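Here is how the chains run, residue by residue.
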Amino acid sequence: MRSPHLWFPYAQMETMAEPLAIKSAQGVKLTLEDNTILIDAISSWWCVIHGYNHPEITTAAKEQLDTLPHVMLGGLTHAPANDLADTLVSITPDGLNHVFFGDSGSVGVEIALKMAVQYHKNKGIQTKNHFIALKNSYHGDTCAVMSIADDDDSMHAKFQGFLPKQFFVSPPETSEAPINAALEELEYILTESADSIAAMIVEPLMQGAGGFRLHGADYLAAAQKLCHKHNVLMIYDEVATGFGRTGTLFAADQVSVTPDIMILGKGLSAGYLTLSATLATTEIYETFYGNPSNAFMHGPTYMGNPTACAIALKGIEVFKKDNYLDRIHAIESFLQRSLSTLVHDSIVDIRIKGAMACIEVIDPAALKGVQDFAQERGVWLRPFENYLYTCPAYIITDEELLKICSVMKGWFN
Ligand SMILES: *Cc1c(COP(=O)(O)O)cnc(C)c1O
C-alpha cells in the first residue's frame, strides 16, 4: 500500500510494519481505505486537539483560502497575523508581549534559542552560547534543538560530535518529589558555568516525547529564580503542554512566575497546518529594539501564514466557547478512575495529568503487539519505548474514552 518512494519518520524502512492507509478522518475517528474505523487515542502526536475536520475550523480555513492563502510577512502584514499576535498576548501569562511566528515546533524552539543568545549579545555579553536542559527532554528534530535533547537519548545519539554540547539537569522525579536535590544540581551548574549559559529550557510540568514525565510547578518557579540570579533566561517549550493538555490553558498558568520566552506549536493550529509562535517578554524585546544591528535575523518563508493564523484564531475561539478546560478536567477524572488502579508485574508507573495518561513498563517487550491488539479492538494506539499513552482530542466522548481505557487495561489483564 505504501509507495516505495516515501520515506517514513522514525522507522527502519526495511522492517517497518505496513502503515495504515487513512482515507478520511472526522472527530476522533480515522477511516481506513478498507472502511475500518479506529478511535485515535493520540490525536496525531497530540496536535489534533479539536478532533479531525472540526466544522467551524474547516470553514475558517476555507474562507481564508478563498481570500488570502499566503503572503510573506517581510514588508507586508495581514489581519490574521495581527489578530493572532494580539490574541496570543492576551491569553498567555502577563509579560509575554511580543510574538514571533515560525513554521513548526522545532523551528519555534530554534527561534527561542537564537533569541536567548542574541539577547545577551545585544547587551554586550558574548560568552553565553550554551543552554541548560532537562534530562529526558525532547524539543524537536532540527540541529540546535537536538543538542538540547538528553545526551543519552538514543534518538539523536548518532549526531554526537556534530551537535554542540549542552548542560543537563534532572528534574524532580515526580510532581510530588522533594525539589531540593534537583535545585542543588541546577545551582551547581549555574555557579560553575553561568558565564557560558544563555538560558535554561524546559517542557513545563510534563515532558512529552521523553516519556510523559511530570514535575511540579514549585520546581519551575524556584529554578527560574536561580537562573535569574545568574543572568540566565528561562524558556518554556509549551509545544506539547500548551492549549490545555496539562489541565490549564498553558502549563505556565500553574506556575507563579512568567517565563522569559515561551514556544507554542502543535495544538496552536489544530493539526491543520504547521505553525509555531515564540513569545518574549518586553525586557527581551527591548534589547532588539532601536539599534539596527540588534535586529533579530530570522524569517521563515511561511512565517505567519494567513491560513494557519486564521485556523489558530478559530481554534482559540472554539476552545473558550466550548469550555474545553471543563472537558479536560472531566477527561482527567475519567482517566484517573479507569487507569490509576491498574496493577501488573510489568508496570512501573502510571502518570495522569489533564488530558494525558501514560503507562510506563519496565521492559519495552511488555508492549510488543499492543498496537495490533488495540487495532483489532477499534483503537489507534502507538506506544514508543516503554510508554503506552493516550492524548486524545478534547471533543472525545466518555464512550470513546471508555473504549480507549478498556483496550489499555485489557492489554495487561
Ligand atoms: C513535538 C514537539 C516539538 C517539535 O515540534 P514539530 O512541530 O514536530 O517540529 C518541540 N517540542 C515539544 C515539547 C514537542 O512535543
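Residues numbered from 1 in each chain as written. Predicted model: local features only at pLDDT ≥ 70, side-chain atom pairs only at ≥ 80, totals over all residues. Heavy atoms only, no water.

In this section: the overall build of the protein chain. The number of helices and strands found in the protein chain is 12 helices and 16 strands. The C-alpha atoms of the protein chain give a radius of gyration of 21 Å, which matches the 22 Å a tight globule of 413 residues would have. Considered along the principal axes of its C-alpha atoms, the protein chain spans approximately 60 × 55 × 45 Å. Counting only residues that meet the buried cut, the protein chain has 53% of its 413 residues in that class. Looking at the protein chain as shown, the accessible area adds up to about 18,300 Å², and 54% of this sits on carbon and sulfur atoms. (Helix = DSSP H or I, 4+ residues; strand = E, 2+ residues; numbered from the N terminus. Rg over C-alpha atoms; globule rule 2.2 N^0.38 Å. Buried < 20%, exposed > 50% of the residue type's maximum accessible area, 1.4 Å probe, protein only. Areas by Shrake-Rupley, 256 points an atom, 1.4 Å probe, with all protein chains shown as cover.)

Another aspect to go through is the pattern of salt bridges. The final tally for this structure, using the stated rule, is 12 salt bridges. Glu400 is paired through a salt bridge with Lys29; the nearest N and O atoms lie 3.8 Å apart. Taken together, the residues Glu400 in helix 12 (residues 398-412) and Lys29 in strand 2 (residues 29-32) connect sequence positions 371 residues apart. Here Glu400 falls in the buried class, since its relative accessible area comes to 15%. A salt bridge links Lys123 to Glu283, with the shortest nitrogen-to-oxygen separation between them at 3.9 Å. With a gap of 160 residues between them, Lys123 in the loop between helix 4 (105-122) and strand 5 (130-134) and Glu283 in helix 8 (residues 282-288) connect regions that are remote in the sequence. Owing to a relative accessible area of 44%, Lys123 belongs among the partly exposed residues under this scheme. Each of the salt bridges in this network shares a partner with another, and the network as a whole consists of Glu56, Lys321 and Asp322. (Salt bridge = Lys/Arg side-chain N within 4 Å of Asp/Glu carboxyl O.)

So, about the packing of helix 10 (residues 324-339) against helix 12. It is at 10 Å that the axes of helix 10 and helix 12 come closest, and there the two elements cross at 30°. If you check the angle between helix 10 and helix 12, you find them roughly parallel. The handedness of the crossing between helix 10 and helix 12 is right-handed. Only Asp398, Leu401, Leu402, Cys405, Met408 and Lys409 of helix 12 make contact with helix 10, whose side of the interface consists of Arg327, Ile331, Phe334, Leu335, Ser338 and Leu339. For the contact of helix 10 with helix 12, the residue count by class is eight nonpolar, one polar and three charged. (Axes fitted to C-alpha atoms, helices over the stretch in contact; angles between N-to-C directions. Parallel < 35°, antiparallel > 145°, perpendicular 65-115°, else oblique. Left-handed = near helix turned anticlockwise from the far one by under 90°. Contact = heavy atoms within 4.5 Å. Nonpolar A, V, L, I, M, F, W, Y, C, P; charged D, E, K, R; others polar.)

Another point: unusual backbone geometry. For Phe243, which is not a glycine, the phi torsion comes out positive at approximately 60°. Although it is not a glycine, Lys266 adopts a positive phi angle of roughly 30°. Turning to its location among the elements, Lys266 is positioned in the loop between strand 11 (261-264) and strand 12 (276-281).

A few words now on the pairing of strand 11. Side chains of strand 11 alternate between two faces, with Ile261 and Ile263 and Met262 and Leu264 buried alike. Bridging between strand 10 (residues 233-237) and strand 11 involves three bridges; their strand directions are parallel. For Asp237, the partnering residue across the bridge sits in strand 11 and is Ile263. (Pairing = 2+ DSSP bridges.)

Here we take up the sheet that holds strand 3 (residues 37-40). Here we have four strands laid out as an open sheet, ordered 1-2-3-15, and mixed in their pairing. Every other strand in the sheet has two partners, leaving strand 1 (22-26) and strand 15 (379-380) as the edge strands with one partner each. Summarising the sheet, strand 2 and strand 3 pair through three bridges and their orientation is antiparallel. Within the sheet, the bridge partner assigned to Thr31 lies in strand 3 and is Ile37.

Next up on the list: the site of the ligand. Lining the immediate surroundings of the ligand are Trp46, Ser104, Gly105, Ser106, Tyr138, His139, Gly140, Glu203, Asp237, Val239, Ala240 and Lys266. About the coverage of the ligand: the protein hides 83% of its 390 Å² of free accessible area. (Near = heavy atom within 4 Å.)

So, about a nonpolar patch on the surface. Residues Tyr10, Trp45 and Met155 make up a contiguous nonpolar surface patch of about 310 Å² in total accessible area. Secondary-structure assignment places Tyr10 in the segment before strand 1. Of the residues examined, Tyr10 reaches a relative accessible area of 47% and is grouped as partly exposed. (Patch = residues over 30% accessible without salt bridge, like charges linked within 9 Å, V, L, I, M, F, W, Y side chains within 5 Å.)

Once that is clear, we can look at helix 7 (residues 217-229). Its 13 residues place the ends of helix 7 19 Å apart at the C-alpha level, agreeing with the 18 Å of an ideal helix rising 1.5 Å per residue. Residues of helix 7 that are buried: Ala217, Tyr219, Leu220, Ala221, Ala223, Gln224, Leu226 and Cys227. Looking at the buried positions of helix 7, the neighbouring elements they touch are strand 5, strand 6 (167-169), helix 6 (180-193), strand 7 (197-202) and strand 10. Following helix 7 by one or two positions, Asn231 has its phi on the positive side, about 55°. (Expected span 1.5 Å × (residues − 1).)

Attention now moves to the confidence of the model for the protein chain. Of all residues in the protein chain, 99% attain a pLDDT of 70 or more, and the chain-wide mean is 96. Model confidence for the protein chain, summarised as mean pLDDT per element, is weakest for helix 5 (residues 143-147) at 94 and strongest for strand 10 at 99. (pLDDT = per-residue confidence, 0-100.)

With that out of the way, let us pick up the sheet that holds strand 7. In spatial order, the strands read 4-12-11-10-7-5-6; together these seven strands make up an open sheet with mixed pairing. Since the sheet does not close on itself, it has two edges, and those belong to strand 4 (96-102) and strand 6, each with one partner. Going across the sheet, the axis of each strand differs from the next one's by a mean of 20°, ignoring polarity. Strands strand 5, strand 6 and strand 7 of the sheet are contacted by helix 6, whose axis makes an angle of about 160° with strand 6.

Viewed as axis vectors pointing N to C, helix 2 (residues 55-67) and helix 9 (residues 306-321) meet at an angle of 155°, and their least axial separation amounts to 9 Å. Put simply, helix 2 runs roughly antiparallel to helix 9. Judged by the twist between their axes, the crossing of helix 2 over helix 9 is right-handed. Along its contact with helix 2, which presents Glu56, Ile57, Ala60, Ala61, Gln64 and Leu65, the element helix 9 presents Pro306, Thr307, Ala310, Ile311, Lys314, Gly315, Val318 and Lys321. In the contact of helix 2 with helix 9, the residues fall into eight nonpolar, three polar and three charged.

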